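Chains, contacts and geometry: an overview
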Amino acid sequence: MSLPLAKMSCPAYQCFQALKIKKHHLPLCAARWSSTSVVPRITTHYTIYPRNKDQRWEGVNMERFAEEADVVIVGAGPAGLSAAVRLKQLATEHGKDIRVCLVEKAAQIGAHTLSGACLDPCAFEELFPDWKEKGAPLKTPVTEDRFGILTEKYRIPVPILPGLPMNNHGNYIVRLGHLVSWMGEQAEAVGVEVYPGYAAAEVLFHEDGSVKGVATNDVGIQKDGAPKTTFERGLELHAKVTVFAEGCHGHLAKQLYKKFDLRASCDPQTYGIGLKEVGLDYQNPYLSPFREFQRWKHHPSIRPTLEGGKRIAYGARALNEGGLQSVPKLTFPGGLLIGCSPGFMNVPKIKGTHTAMKSGSLAAESVFKQLTDENLQSKTTGLHVTEYEDNLKKSWVWKELYAVRNIRPSCHGFLGIYGGMIYTGIFYWIFRGMEPWTLRHKGFDCDQLKPAKDCTPIEYPKPDGQISFDLLSSVALSGTNHEHDQPAHLTLKDDSIPVNRNLSIYDGPEQRFCPAGVYEFVPLEQGDGYRLQINAQNCVHCKTCDIKDPSQNINWVVPEGGGGPAYNGM
């Protein structure tokens, strides 16, 4: 059964709720386990408790409408939009009619985009050679670089020599959300069907195992998992090729990694969290990335820049830091991965937008070639575009990532970051990364935490309300909102693990590594002990919890479309 996507009604996703973040954090001496044998139920999501086993769903119409397209793209960030625009450019150049549909979970294009972005414009200029005439929001070219190492009280200046990855000559300071919004307008202008507020929740497969497309999430489900009278099934989007551009640690990409064993030949991905880049491979469970950020702002070399200013926004997002070693296999029958989903960030350069955009353009060119090949004989129903990965490895993207592949892992040696700087000076600046070896990462970030008993609690200074701030007022500036009466999209595979393992062994690190106050341990209403409370409405979609949870018990899935932060040009 089919209906035109553009004519379907979009449910009212905007339902603003008051933020419910508590400042409560358990002291080290607090009881770390519950004395009751009954584990309070936390997760109600259908991915954990299937609806076909729930009597409340008997008789509910579960039929979904389906739409057919040539290409479906999941995620309207720099990579997804680049792929969409390039596909339509090629279609116009060759006189072909190709339907390209792009779905985005944010209510508006760019509303979930977060970056400090100092943009290398090379890929952008390739895609939009007339960007100045079209009024792209690239207004502020970089005029000066300053780089230094901070000690507790001082700053050691480090010269940025020509050719080093930190050199920003020719780059632009941009508000990436505004740039993405502008790209969305360009995509619509060339005929891409852009659908914000539709969260892709499920990968669909053909009988031969190839990807068939995606389904958007169902809406109208109560917090306890029961259907509301307004329940509405999601929409199926079928395509010859589905392009996954979800960004860092995409929840659909996680499923694809397992389904097609895409990470069999690469290192584990390693991450940072972009408050101010804090590596998520830290070991002390008492560390709080948010509070580290607040403390950093008080450094004598940082504070003068912020004094007299006004805090106007807040956000956080995980970012890939594994580099070339951690890039998975990029193609599989029916689909492919682009952008920050597989992870093309140049870590020492602290830039990934240009490589993400280029990967999207290369993917589009490879997909277009197969779609228009009249002699193509595909072994699967969903097209397997293997040429994309080959073309990417021949491009400047691969060359750039290869040259810097050893810089981040070199920082994990005996000399730490100083050893990394020495390594960079010798093997990158002099030899341009041509050393005949590749250093490896030490493992998954979730495996790096030490037990609380082996670590020292960290005493953070109280925020002063001028330079540093509390979590409550910060998250309020992110514009985050979710429909409160829906199952929490932060799902737990086992509701007992947060207290019985994470709290008892690691003193509940989720109450500290989350930069939005989503997780807190609160006393049981009856009896002794604690339970985990999930304030899902505060989630800024950073994915840190899914990455850093030492038990790998948290699985982030999409909430109702349109929910999440509402960044204005972050």
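Cut-offs applied
Residues numbered from 1 in each chain as written. Predicted model: local features only at pLDDT ≥ 70, side-chain atom pairs only at ≥ 80, totals over all residues. Heavy atoms only, no water. Helix = DSSP H or I, 4+ residues; strand = E, 2+ residues; numbered from the N terminus. Rg over C-alpha atoms; globule rule 2.2 N^0.38 Å. Buried < 20%, exposed > 50% of the residue type's maximum accessible area, 1.4 Å probe, protein only. Areas by Shrake-Rupley, 256 points an atom, 1.4 Å probe, with all protein chains shown as cover. Axes fitted to C-alpha atoms, helices over the stretch in contact; angles between N-to-C directions. Left-handed = near helix turned anticlockwise from the far one by under 90°. Contact = heavy atoms within 4.5 Å. Nonpolar A, V, L, I, M, F, W, Y, C, P; charged D, E, K, R; others polar. Phe/Tyr/Trp six-rings, centres within 6.5 Å; stacked < 30°, edge-to-face > 60°. Lys NZ or Arg CZ within 6 Å of the ring centre and 35° of its normal. Pairing = 2+ DSSP bridges. pLDDT = per-residue confidence, 0-100. Core = buried A, V, L, I, M, F, W, Y, C linked by side-chain atoms within 4.5 Å. Parallel < 35°, antiparallel > 145°, perpendicular 65-115°, else oblique. Disulfide = S-S within 2.5 Å. Salt bridge = Lys/Arg side-chain N within 4 Å of Asp/Glu carboxyl O.

**Some points on the overall build of the protein chain**
A count of helices and strands for the protein chain gives 15 helices and 22 strands. Expected size for 570 residues packed as a compact globule is a radius of gyration near 25 Å; at 24 Å, the protein chain falls within 12% of this value. Its C-alpha atoms give the protein chain principal-axis dimensions of about 70 × 70 × 45 Å. By the burial criterion, 58% of the 570 residues in the protein chain qualify as buried. With the model as given, the accessible surface of the protein chain reaches about 25,600 Å², and the carbon-plus-sulfur share is 53%.

**Some thoughts on the packing of helix H7 (residues 353-371) against helix H9 (residues 396-403)**
Two elements in contact, H7 and H9, have axes separated by 10 Å at closest approach and are oriented at 145°. Once H7 is placed against H9, the crossing between them reads as left-handed. Where H7 approaches H9, its residues His-354, Thr-355 and Lys-358 are matched on the opposing element by Trp-396, Val-397 and Glu-400. Among the residues forming the contact of H7 with H9, the class breakdown is two nonpolar, two polar and two charged.

**Some points on the packing of aromatic side chains**
Under the criterion given, the structure shown has 15 aromatic pairs. Look at Phe-290 and Tyr-314: their rings are 5.8 Å apart centre to centre, the planes differ by 80°, and that puts the pair in the edge-to-face class. Remark: Tyr-314 occurs in the loop between helix H6 (303-306) and strand S16 (318-320) and Phe-290 occurs in helix H5 (residues 289-296); sequence separation between them is 24 residues. Tyr-314 shares its class with Phe-290; the two are buried. A ring pair is formed by Phe-427 and Trp-437, whose centres lie 5.3 Å apart and whose planes are at 75°; its orientation type is edge-to-face. Pair noted here: Phe-427 is in helix H11 (residues 416-430) and Trp-437 is in the loop between H11 and helix H12 (471-476), with a separation of 10 residues, a long-range link. Put simply, the rings of Phe-124, Phe-128, Trp-131, Tyr-172 and Trp-182 pair up and form one aromatic cluster. Sitting over the ring of Phe-205, Lys-259 keeps its end group 4.7 Å from the ring centre. A cation over a ring is seen here: Arg-311 above Phe-469, with NZ or CZ 3.8 Å from the ring centre.

**Side note on the sheet that holds strand S7 (residues 172-173)**
Across the sheet, which stays open at both edges, the three strands sit in the order S3-S7-S4 with antiparallel pairing between neighbours. Only two strands of the sheet have a single neighbouring strand rather than two, namely strand S3 (118-119) and strand S4 (140-141).

**Some words on the confidence of the model for the protein chain**
In low-pLDDT segments, the atomic positions of the prediction should not be examined closely. On average, residues of the protein chain carry a pLDDT of 91, and 93% of them reach 70 or more. Within the model, the stretch residues 1-36 combines pLDDT values under 50 with 95 contacts to residues more than four positions away or in other chains.

**Comments concerning the nonpolar core**
Core analysis: the biggest nonpolar cluster contains 58 residues, and Phe-124, Leu-138, Leu-336, Ile-338 and Tyr-388 have the highest contact counts within it. Non-local contacts of Tyr-388, meaning those with residues more than four positions away in its chain, are made with Leu-330, Thr-331, Leu-336, Leu-337, Ile-338, Phe-344, Ser-359, Leu-362, Ala-363 and Ser-366. Counting 46 residues, the second largest nonpolar core, distinct from the first, contains Ile-273, Val-475, Trp-556 and Met-570.

**A word on the pairing of strand S2 (residues 100-104)**
Counting buried positions along S2 yields five of five residues, so the element is predominantly enclosed. With four bridges connecting them, strand S1 (residues 66-74) and S2 associate as parallel partners. Each bridged residue has a counterpart across the sheet, and for Val-71 the counterpart in S2 is Val-100. With four bridges connecting them, S2 and strand S8 (residues 193-196) associate as parallel partners. Looking at the pairing, Leu-102 lines up with Val-194 of S8.

**Digging into the packing of helix H1 (residues 78-94) against helix H3 (residues 176-189)**
Two numbers describe how H1 lies on H3: the axes approach to 10 Å, and their chain directions differ by 20°. In this view, H1 runs roughly parallel relative to H3, as classed from their interaxial angle. Crossing geometry of H1 relative to H3 is assigned as left-handed. From H1, Pro-78, Leu-81, Ser-82 and Val-85 reach across to H3, where they touch Leu-176, Val-180, Met-183, Gly-184, Gln-186 and Ala-187.

**So, the sheet that holds S16**
Neighbouring strands of a sheet are bound in pairs by backbone hydrogen bonds; such pairs are parallel or else antiparallel. The strand order across the open sheet formed by three strands is S15-S14-S16, and the pairing between neighbours is antiparallel. Every other strand in the sheet has two partners, leaving strand S15 (278-279) and S16 as the edge strands with one partner each. In this sheet, S15 lies alongside strand S14 (residues 271-273) in antiparallel orientation, the contact comprising two bridges. Pairing of Gly-272 across the sheet is with Gly-279, part of S15.

**As for the state of the cysteines**
Within this structure, the stated rule accounts for zero disulfides. With no disulfide of its own, Cys-118 lies closest to Cys-122 among cysteine sulfurs, the gap being 12 Å. Its sulfur unpaired, Cys-455 is 16 Å from the next cysteine sulfur, which belongs to Cys-446.

**Description of the pattern of salt bridges**
Applying the stated criterion to the full structure yields 29 salt bridges. Notably, a salt bridge pairs Arg-408 with Asp-281, separated by 3.6 Å at the nearest N-O pair. With Arg-408 in helix H10 (residues 407-410) and Asp-281 in the loop between S15 and H5, this pair connects stretches of sequence that are 127 residues apart. In this pair, the class of Arg-408 matches that of Asp-281, namely buried. Linking Glu-525 and Arg-531 is a salt bridge whose minimum nitrogen-to-oxygen distance equals 3.0 Å. Taking the relative accessible area as the measure of exposure, Arg-531 reaches 18% and is therefore buried.

**Brief notes about the pairing of strand S20 (residues 519-523)**
As a general feature of sheets, a regular strand has side chains that alternate between the two faces. Counted residue by residue, S20 has four buried out of five residues, so it is predominantly covered. Pairing between S20 and strand S21 (residues 530-534): five bridges, direction antiparallel. Each residue of the ladder has a partner; that of Pro-523, found in S21, is Tyr-530. Turn length for the S20-S21 hairpin, with the two strands adjacent in sequence and antiparallel, is six residues, and the turn residue Gly-527 shows positive phi of about 85°.

**Thoughts on unusual backbone geometry**
Of note in this structure, His-249 is not a glycine but carries a positive phi near 60°. Its identity is not glycine, yet Arg-432 carries a phi of approximately 55°, on the positive side.

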